[in-house]
Amino acid sequence: MAGNRKKFEVEGQAEHGVRINKYLSDAGICSRREADTVIASGKVTIDGEVAEMGSRVMPGQKVLYQGKEVKKLEKQVLIAFYKPVGIVCTTDTKREKDNVIDYIKYPERIYPIGRLDKDSEGLLLLTNDGDIVNKILRAGNDHEKEYLVTVNKPITAEFLKGMAGGVPILDTITKPCVIEATGKCSFKIILTQGLNRQIRRMCEYFGYRVQTLKRVRIMHIQLGHLLPGTYRNLTDAEIKRLEIVLKNSTGLPVAEQKRLAQEEKKTAVKKKTANFKTESGDRNGKPDKKRPNHRTGRTVK
């Protein structure tokens, strides 16, 4: 085998151990699909040897990624937190004194799934699982987030229609969304993307200014009766449903998802064409000189 590559225990050769792509995913490094690319790059080692596709990590072995040790998460953490106004969704505890990590003081290393503006409040999910973070955040997965908003002046039908149809902000057009008036100056809005200060920018486009903004739902997970500054663990039912919902989600960017989809489509067409040639002719793709007549059962030239 070339270089310092070593034949590790691979699938089918050992009954124990964890496949390296799953190990990296479980450690929060990346998703399983992304792990394949990382492994192929040669940046992952097991006990000092470059890992290969299908390699297994046995108990006691040390895994490094880009020279740093990767430790499998012993316990998945998923909490729902009511972020108060004034708290910043960042893990940078040195530069931002009002960061969410120091505020919560959770005993294990966790990080927020997405963001909420400093001036906004409501539901924020935090975890130690990087795979879940990517799958929830990618706009291409179309996961819903619901907000309650109040603005500085009465809402009109034109405003609701304009917001729902897509608004030009940040050099793009926002995705169509569901919006419903809940009062003279308030509304409920459901988004499937998370652009920077999206709702505030959308409102500003129509001449409105957001006064309060609260996120009350992420997918099926509700803010419920949480009080500002408190958090709870997700229930078993919420986690089980989350696993089902995320089963077909990807942690890849939308552009990469599209590229892979196009490649899969091209591969499928090539296979279909190859099968057609094999069924309709000889190995060179040329038609047989004799073929059966399906109506009469006779062989014709």
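Owing to the predicted nature of the structure, the values given are computational and were not obtained by experimental measurement.

On to the overall build of the protein chain, then. Regarding its fold elements, the protein chain presents eight helices and 19 strands. Considering the protein chain as a whole, with its 301 residues, one finds that 41% of them fall into the buried category. Excluding contacts between residues fewer than 6 apart, the proportion of contacts in the protein chain whose partners are at least 24 apart in sequence is 63%. As presented, the protein chain carries roughly 18,600 Å² of accessible surface, and 49% of it is formed by carbon and sulfur atoms.

A few words now on the nonpolar core. In terms of nonpolar packing, the biggest core is built from 32 residues, with V149, F159, F187, I189, I199 and C203 touching the most fellow members. Among the secondary structure elements, those contributing two or more residues to this core are strand 7 (78–83), helix 3 (100–104), strand 9 (121–127), strand 10 (145–151), helix 5 (157–165), strand 14 (186–191), helix 6 (198–205) and strand 15 (210–218). In contact with F159, not counting residues within four places along its chain, are I179, F187, C203, F206 and Y208. Among the nonpolar cores identified, the runner-up in size contains 20 residues, and L78, Y82, I113 and I136 belong to it.

Pairing is antiparallel across the open sheet formed by four strands, whose spatial order is 3-2-5-6. At either end of the open sheet lies a strand with only one pairing partner, and these are strand 3 (49–50) and strand 6 (68–70). Bridge count between strand 2 (residues 44–46) and strand 5 (residues 63–65): three bridges; the pairing is antiparallel. Its bridge partner being in strand 5, T45 is matched across the sheet by L64.

Turning next to unusual backbone geometry. If you check the backbone angles, Q66 has positive phi at about 55° while not being a glycine. Within the element layout of this structure, Q66 appears in the loop between strand 5 and strand 6. Phi is positive for L170, which is not a glycine, with a value near 50°. In this structure, L170 sits in the loop between strand 11 (168–169) and strand 12 (172–173).

If you walk through the whole model with that rule in mind, you get zero disulfides. You can see C177 has no disulfide; the closest cysteine sulfur is in C203, sitting 9.9 Å from it. The class for C177 is buried, based on a relative accessible area of 11%.

Time to look at the pattern of salt bridges. A complete count under the given rule lists nine salt bridges for this structure. Where R217 meets E144, a salt bridge forms, and the shortest distance between an N and an O atom there is 2.9 Å. Of this pair, R217 sits in strand 15 while E144 sits in the loop between helix 4 (130–137) and strand 10, and the two are 73 residues apart along the sequence. The class of R217 is buried, set by a relative accessible area of 10%.

Turning next to the pairing of strand 10. Summarising burial for strand 10: five of the seven residues are buried, a large majority. As paired elements, strand 10 and strand 14 share six bridges and run antiparallel to each other. Counterpart to V149 in the pairing with strand 14 is F187. For strand 10 and strand 15, the ladder comprises seven bridges, and the chain directions are antiparallel. Counted as the bridge partner of V151 is V210 from strand 15.

Of all residues in the protein chain, 73% have pLDDT values of 70 or greater, and the mean over the chain is 82. Scored below 50 in pLDDT, residues 1–14 shows 32 contacts in the model against residues more than four places distant or in partner chains.

This brings us to helix 7 (residues 236–246). Buried within helix 7 are the following residues: E238, I239, L242 and L246. Projected onto a plane normal to the axis of helix 7, the buried residues spread over an arc of 95° and lie on a single side. Facing away from the buried side of helix 7 by more than 90 degrees, the exposed set consists of D236, A237, K240 and I244. Structurally, helix 7 contributes buried residues whose contacts are with strand 7, helix 4, strand 16 (221–222) and strand 17 (231–233).

With that out of the way, let us pick up the packing of aromatic side chains. Under the counting rule described, the total for this entry stands at six aromatic pairs. Here F159 and F206 contribute two aromatic rings whose centre-to-centre distance is 5.9 Å and whose plane-to-plane angle is 85°, an arrangement assigned as edge-to-face. Of the two residues, F159 is situated in helix 5 and F206 in the loop between helix 6 and strand 15; the sequence distance between them amounts to 47 residues. Residue F159 is classed as buried on the basis of its relative accessible area of 2%. Among the residues examined, F206 registers a relative accessible area of 27% and is labelled partly exposed. Relative to F206, the ring of Y205 lies with its centre 5.1 Å away and its plane at 85°, an arrangement referred to as edge-to-face. Among the aromatic side chains, those forming a connected cluster through ring pairs are F159, F187, Y205, F206 and Y208. The cationic tip of K153 hangs over the ring face of Y208; the distance from NZ or CZ to the ring centre is 4.8 Å.

What counts as what
- Residues numbered from 1 in each chain as written.
- Predicted model: local features only at pLDDT ≥ 70, side-chain atom pairs only at ≥ 80, totals over all residues.
- Heavy atoms only, no water.
- Helix = DSSP H or I, 4+ residues; strand = E, 2+ residues; numbered from the N terminus.
- Buried < 20%, exposed > 50% of the residue type's maximum accessible area, 1.4 Å probe, protein only.
- Contact = heavy atoms within 4.5 Å.
- Areas by Shrake-Rupley, 256 points an atom, 1.4 Å probe, with all protein chains shown as cover.
- Core = buried A, V, L, I, M, F, W, Y, C linked by side-chain atoms within 4.5 Å.
- Pairing = 2+ DSSP bridges.
- Disulfide = S-S within 2.5 Å.
- Salt bridge = Lys/Arg side-chain N within 4 Å of Asp/Glu carboxyl O.
- pLDDT = per-residue confidence, 0-100.
- Arc of directions from axis to C-beta.
- Phe/Tyr/Trp six-rings, centres within 6.5 Å; stacked < 30°, edge-to-face > 60°.
- Lys NZ or Arg CZ within 6 Å of the ring centre and 35° of its normal.

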